[in-house]
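Given next are the chains, with one letter for each unit.
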Amino acid sequence: MVSSVCLAELGHSVDLIEIDDAKVASLNSGRVPIYEEGLEEMLVKHIDHCLKVTPDYDNICNTDATFVCVGTPSLSDGSADLSMIKSASSSIGEALLGSRKYHVVVVKSTVPPGTTEKVVIPEILENRHLKNQDIGFAMNPEFLREGRAIKDFMKPDRIIIGSADDKAGDFIESVYRGLNAPMIRTGLTEAEMVKYASNAFLATKISFSNEVGNICKDLGIDVYEVMKGVGMDHRINQYFLNAGAGFGGSCFPKDVSALIHLAEDLDEDPILLKSVMAINELQPKRLVDLLEKRIGHLSGKRVAVLGLAFKDNTDDVRASRSIYVISELKRRGARVAAYDPKANNSMQSILSDVDYCQNAAEALNNADACLIMTEWPEFSALDREFDRMKTKVIIEGRRILSCAGFEGICW
Ligand code: UDX
């Protein structure tokens, strides 16, 4: 969605192909089915002008390029599920049958290194009697953060263009000509690996900060002071050093797991990546252990959980640390009152037997303790609302209130 509205914003004429009829109807009436800042406004600006939403692949043969942006969720063994990539590739191949025009297929989805070459290209060329030169292949990963995706698309740090040949790569460069960013030209598989390695490195920074944070907590010192000093080194930089409940979302847990799986398939033992995941899985449990240390057995206690989304500015709860924290609280017998400014509905379909509240004050009513799980700005402004608690035990999984002296998971 973000790629299509932003490509329209860059002046291109875009057909957004979506196979779910309900989503097509919603988008055509100008409604975005998820919360993403600025997305609906941009959809409304371009729909019916240079952006068309359709379930139909037929028009592909009249276009210059197809960007493949489908999901690659985790399978139960941690590997990437490539079924959507395969089926989209096969539909593109069929739609291009008989086309005489040069067409570039660009993989944007995050896929394990080798996928474009070993899965996408064969799937598209299967049943085609066209020679390879009629069709170009490129891999162009996206680095969009949820909640800030449009800004990240329009102001990227870099544009990575992997291509099988120069013609396909030159075409992708021309698509992004309106953006002011360095363009890195490379091979298809290298481009795929840039995305995995970037996400794995960012996840590593977070788990590293969490491990240092856990040690700082034992020492009674403030990890945020420490990492501020560490991040001043330009070789390290200050980003993604925020210790807390760990990383969630649709990318880091999934992509690090897929890279581990890929490495093991290659007979490697990815010790560092496995530790990154292990630290991340332990953080939510540490938070609940800390709470139990403060208020004793959790059985029958009312615990307010503020924040369900995996981070602020989104309604996405995929792999949110709150899922693990709430499940652990319930396993230990606590009653959970939860509130999120945007994600109550998404969480309701995953976790039942939780008292979902309309605002933070309602969740805090009569609570024995409060855990802060998402860095929503409205939580930093909470003050008198905490007076409604039975006992004022507040523990942060994200550092937002600490200026007021609250205890945190690593501070
Ligand atoms: C990430 C990448 O940043 C983006 O480049 C890629 O395209 C998709 O994956 P996103 O999942 O939207 O983006 O969220 P991000 O802002 O990176 O945060 C991921 C998780 O890490 C969140 O749960 C966040 O709370 C956590 N985090 C982030 C930390 O715990 N500490 C930090 O310092 C930064």
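The following refers to the structure shown. Computed from a predicted model, the values in this text were never measured in an experiment. (Residues numbered from 1 in each chain as written. Predicted model: local features only at pLDDT ≥ 70, side-chain atom pairs only at ≥ 80, totals over all residues. Heavy atoms only, no water.)

**Quick notes on the packing of helix 1 (residues 2-9) against helix 3 (residues 39-46)**
Phase 1: Look at helix 1 against helix 3: their axes get within 10 Å of each other, and the N-to-C directions meet at 50 degrees. One element, helix 1, and the other, helix 3, form an angle in the oblique class. Relative to helix 3, helix 1 is oriented so that their crossing is left-handed. Facing V2, V5, C6, A8 and E9 of helix 1, the residues of helix 3 in contact are L39, M42, L43, K45 and H46. (Axes fitted to C-alpha atoms, helices over the stretch in contact; angles between N-to-C directions. Helix = DSSP H or I, 4+ residues; strand = E, 2+ residues; numbered from the N terminus. Parallel < 35°, antiparallel > 145°, perpendicular 65-115°, else oblique. Left-handed = near helix turned anticlockwise from the far one by under 90°. Contact = heavy atoms within 4.5 Å.)

**Regarding the site of the ligand**
Phase 1: Neighbouring the ligand are 20 residues; L144, E146, N242, F310 and K311 lie closest to it.
Phase 2: K195 is positioned such that a nitrogen or oxygen atom in its side chain is 3.2 Å from an oxygen atom of the ligand.
Phase 3: Of the residues belonging to the shell around the ligand, the class tally is 9 nonpolar, 4 polar and 7 charged. (Near = heavy atom within 4 Å. Polar contact = N/O pair within 3.5 Å; in protein donor to acceptor, adjacent residues only side chain to side chain. Nonpolar A, V, L, I, M, F, W, Y, C, P; charged D, E, K, R; others polar.)

**Comments concerning unusual backbone geometry**
Phase 1: Even without glycine at this site, D267 takes up a positive phi of about 70 degrees.
Phase 2: Along the chain, D267 falls in the loop between helix 10 (252-265) and helix 11 (271-295).
Phase 3: For D267, a relative accessible area of 74% gives the class exposed.
Phase 4: Despite not being glycine, A319 shows a phi value in the positive range, around 55 degrees.
Phase 5: In this fold, A319 is placed in the loop between strand 8 (302-306) and helix 12 (321-331). (Buried < 20%, exposed > 50% of the residue type's maximum accessible area, 1.4 Å probe, protein only.)

**A short note on the sheet that holds strand 12 (residues 394-396)**
Phase 1: The parallel open sheet is built from 6 strands, whose spatial order is 10-9-8-11-12-13. In this open sheet, the two edge strands, each paired with only one partner strand, are strand 10 (355-356) and strand 13 (407-408).
Phase 2: Here 2 bridges tie strand 12 to strand 13, and the two strands are oriented parallel to one another. By the bridge assignment for strand 13, E396 is matched with G408. (Pairing = 2+ DSSP bridges.)

**Observations concerning the side chain of R398**
Phase 1: Topologically, R398 is positioned in the loop between strand 12 and strand 13.
Phase 2: There is a polar contact of 2.7 Å between the side chain of R398 and the backbone oxygen of G246.
Phase 3: Discounting residues that sit within four places of it in the chain, R398 has contacts with A245, G246, F310, R321, I372, M373, T374, E375 and W411.

**Observations regarding a nonpolar patch on the surface**
Phase 1: Together, I215, L219 and I221 make up a nonpolar patch on the protein surface, roughly 290 Å² of accessible area in all.
Phase 2: As for its position among the elements, I215 is in helix 8 (residues 188-219).
Phase 3: Among the residues examined, I215 registers a relative accessible area of 49% and is labelled partly exposed. (Patch = residues over 30% accessible without salt bridge, like charges linked within 9 Å, V, L, I, M, F, W, Y side chains within 5 Å. Areas by Shrake-Rupley, 256 points an atom, 1.4 Å probe, with all protein chains shown as cover. Salt bridge = Lys/Arg side-chain N within 4 Å of Asp/Glu carboxyl O.)

**Some words on the packing of helix 8 against helix 11**
Phase 1: Their axes nearest at 9 Å, the elements helix 8 and helix 11 cross at an angle of 45 degrees. The orientation of helix 8 relative to helix 11 falls into the category oblique. Every pair of crossing elements has a handedness; the one defined by helix 8 and helix 11 is left-handed. Taking contact as the criterion, the partners of A200, A203, T204, S207, N210, E211, N214 and K217 in helix 8 are, on helix 11, L272, L273, V276, I279, N280, Q283, R286 and L290.
Phase 2: For the contact of helix 8 with helix 11, the residue count by class is 7 nonpolar, 6 polar and 3 charged.

**Describing the pairing of strand 9 (residues 335-339)**
Phase 1: Judged by how many residues are buried, strand 9 sits mostly within the fold: 4 of 5 residues are covered.
Phase 2: Where strand 8 and strand 9 come together, 5 bridges link them in parallel fashion. Residue V305 lies in a different strand from strand 9, and its bridge partner there is A338.
Phase 3: Crossover connection from strand 8 via helix 12 to parallel strand 9: handedness right-handed.
Phase 4: Bridge count between strand 9 and strand 10: 2 bridges; the pairing is parallel. By the bridge assignment for strand 10, A337 is matched with D355. (Right-handed = clockwise from strand over helix to strand, strands pointing away.)

**Brief notes about the nonpolar core**
Phase 1: The biggest cluster of nonpolar side chains holds 58 residues, and the ones touching the most others in it are V223, L291, L329, C370 and F386.
Phase 2: For this core, the element with the most residues is helix 11, which contributes 5 residues.
Phase 3: With sequence-adjacent residues up to four places away left out, V223 is seen in contact with S209, V212, G213, C216, A243, C410 and W411.
Phase 4: Counting 37 residues, the second-largest nonpolar core is a separate cluster that includes Y57, A80, A200 and V256. (Core = buried A, V, L, I, M, F, W, Y, C linked by side-chain atoms within 4.5 Å.)

**Brief notes about the state of the cysteines**
Phase 1: For the coordinates displayed, the defined rule picks out 0 disulfides.
Phase 2: There is no disulfide at C50, and the cysteine sulfur nearest it, in C6, is 12 Å away.
Phase 3: Sulfur of C69: no disulfide; nearest cysteine sulfur belongs to C6 and is 11 Å away.
Phase 4: Judged by relative accessible area, C69 falls into the partly exposed class, the value being 44%. (Disulfide = S-S within 2.5 Å.)

So far we have only geometry, and geometry alone does not tell us how the molecule works.
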